[in-house]
Amino acid sequence: MSVLPLVFTSGWASGVNAYAVVLLLGLFGATGLTDEVPESLQRPDVLVVAGVLFVCEAVADKIPYVDSVWDTVHTVIRPVSGAVVAALLAGQSGSLSELAAGAIGGSSALASHTVKAGTRMAINTSPEPFSNVLMSTAEDLGVAGILTFAMFHPEAAAIIAGVLLLAGLLTLWFLVSRIRRFLRRRAQRREERRLVDRHGPPPPG
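Residues numbered from 1 in each chain as written. Predicted model: local features only at pLDDT ≥ 70, side-chain atom pairs only at ≥ 80, totals over all residues. Heavy atoms only, no water.

1. Describing the overall build of the chain
Right, on to step 1. Looking only at helices and strands, one finds six helices and zero strands in the chain.
Right, on to step 2. Moving toward the C terminus, one meets the helices and strands of the chain in the order α-α-α-α-α-α.
Right, on to step 3. Here the chain holds 205 residues, and the buried ones make up 42% of them.
Right, on to step 4. When contacts within the chain are restricted to residue pairs at least 6 apart in sequence, those whose partners lie at least 24 apart make up 75%.
Right, on to step 5. Split by element, the accessible area of the chain, about 10700 Å² in all, is 71% carbon and sulfur.
Right, on to step 6. A gap of 16 Å separates the mean positions of the 16 positive and 16 negative side-chain charges of the chain. (Helix = DSSP H or I, 4+ residues; strand = E, 2+ residues; numbered from the N terminus. Buried < 20%, exposed > 50% of the residue type's maximum accessible area, 1.4 Å probe, protein only. Contact = heavy atoms within 4.5 Å. Areas by Shrake-Rupley, 256 points an atom, 1.4 Å probe, with all protein chains shown as cover. Lys, Arg positive; Asp, Glu negative; His and termini not counted. Charge placed at Lys NZ, Arg CZ, Asp CG, Glu CD.)

As structure tokens, this is what we get:
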């Protein structure tokens, strides 16, 4: 059976939380749940590092504005991770070339990362922090659930991931105007602070 559905699903999931993907796939392989996970992802040191970074992301991802900074840092990390994991899965399976798998995994990771980062920027325009916590928790549970489902039903999981990705891209399209307003307000506040630092606060009354 082709590893293509798992490659696409793991790529989508990597764009949301790359460390969770490495950790879960490594655990699935180490526990014998699947034989499609390469041994390089099952190594104890890889699992420990992925676990620590997953905890860091779980915390940073739930703090307003910190999550956007974290997303910016991971603009390269997530697509690269998706491409590497996809290539490793293809190499283990032998049913898909590693180059093609890397392109698919990296592209789907980049697309889902774009959705996540853009959605978070829109959420951060809201003053309350609960939406960040809710969205982050939903993303973590979604990645864990769909990736686990992909171990048993890879084609169905890939369809779900594709639908979620398409829905996310459409949602992001409608949120673009809100994100632009948020960026303009933030730039304006920075300019106001810069002027205050340079000239001092305006005289009272």
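2. Re a positive patch on the surface
Right, on to step 1. Together, Arg 178, Arg 180, Arg 181, Arg 184, Arg 185, Arg 189, Arg 190 and Arg 193 make up a positively charged patch on the protein surface.
Right, on to step 2. Positionally, Arg 181 belongs in helix α6 (residues 154-199). (Patch = residues over 30% accessible without salt bridge, like charges linked within 9 Å, V, L, I, M, F, W, Y side chains within 5 Å. Salt bridge = Lys/Arg side-chain N within 4 Å of Asp/Glu carboxyl O.)

3. Brief notes about unusual backbone geometry
Right, on to step 1. Even without being a glycine, Tyr 65 presents a positive backbone phi close to 75 degrees.
Right, on to step 2. Inspection of the secondary structure puts Tyr 65 in the loop between α2 (44-60) and α3 (66-93).

4. Concerning the pattern of salt bridges
Once the charged atoms of two side chains with opposite charge are near each other, the side chains can pair.
Right, on to step 1. This model, assessed by the stated rule, comprises eleven salt bridges.
Right, on to step 2. Between Asp 61 and Arg 120 there is a salt bridge; the shortest N-O distance is 3.1 Å. Linking Asp 61 in the loop between α2 and α3 with Arg 120 in helix α4 (residues 98-123), this pair joins segments that are 59 residues apart in sequence.
Right, on to step 3. Asp 61 sits in the buried class, given a relative accessible area of 1%.
Right, on to step 4. Residues joined in a network through salt bridges with shared partners are Glu 57, Asp 61, Asp 67, Asp 71, Arg 78, Lys 116, Arg 120 and Glu 139.

5. Quick word on the packing of helix α1 (residues 4-30) against α3
Right, on to step 1. Between α1 and α3, the least distance of the axes is 8 Å, while the angle of their chain directions is 110 degrees. By the criterion of interaxial angle, the relationship of α1 to α3 is roughly perpendicular. You can see that α1 and α3 cross each other, and the crossing is right-handed. Every residue of α3 that contacts α1 at Leu 6, Val 7, Ser 10, Ser 14, Gly 15, Val 16, Ala 18, Tyr 19, Val 21, Val 22 and Leu 25 is listed here: Trp 70, His 74, Ile 77, Arg 78, Ser 81, Gly 82, Val 85, Ala 86 and Leu 89. (Axes fitted to C-alpha atoms, helices over the stretch in contact; angles between N-to-C directions. Parallel < 35°, antiparallel > 145°, perpendicular 65-115°, else oblique. Left-handed = near helix turned anticlockwise from the far one by under 90°.)

6. A short note on α3
Right, on to step 1. With 28 residues, α3 ought to run about 40 Å at 1.5 Å a step, and its terminal C-alpha atoms sit 38 Å apart, in line with that.
Right, on to step 2. At His 74, α3 shows its largest kink, close to 55 degrees.
Right, on to step 3. Where α3 ends, the next residue or the one after it, Gly 94, has phi of about 80 degrees, a positive value. (Expected span 1.5 Å × (residues − 1). Bend = angle between axes of the 7 residues up to and from the residue.)

7. A word on the nonpolar core
Right, on to step 1. By size, the foremost hydrophobic cluster in this structure holds 32 residues, and its most contacted members are Trp 12, Val 21, Leu 25 and Leu 89.
Right, on to step 2. Of all the secondary-structure elements, those providing two or more residues to this core are α1, α2, α3, α4, α5 (130-152) and α6.
Right, on to step 3. Here Trp 12 is in contact with Ser 108, Ala 109, Ser 112, Gly 142, Val 143, Ile 146, Ala 161, Leu 164 and Leu 165, once residues within four sequence places are set aside. (Core = buried A, V, L, I, M, F, W, Y, C linked by side-chain atoms within 4.5 Å.)

8. Details of the environment of Gly 118
Right, on to step 1. For Gly 118, the location among the structural elements is in helix α4.
Right, on to step 2. According to the relative accessible area criterion, Gly 118 is buried, its value standing at 8%.
Right, on to step 3. Separated by 51 residues in the primary sequence, Gly 118 and Leu 169 place their C-alpha atoms 9.5 Å from one another.
Right, on to step 4. Apart from residues no more than four positions distant in its own chain, Gly 118 is found in contact with Leu 172 and Ile 179.

9. Describing the environment of Pro 44
Right, on to step 1. Here Pro 44 is to be found in helix α2.
Right, on to step 2. Assessed through its relative accessible area of 62%, Pro 44 is described here as exposed.
Right, on to step 3. Counting along the chain gives 101 residues from Pro 44 to Gly 145, while the straight-line C-alpha distance between them is 23 Å.

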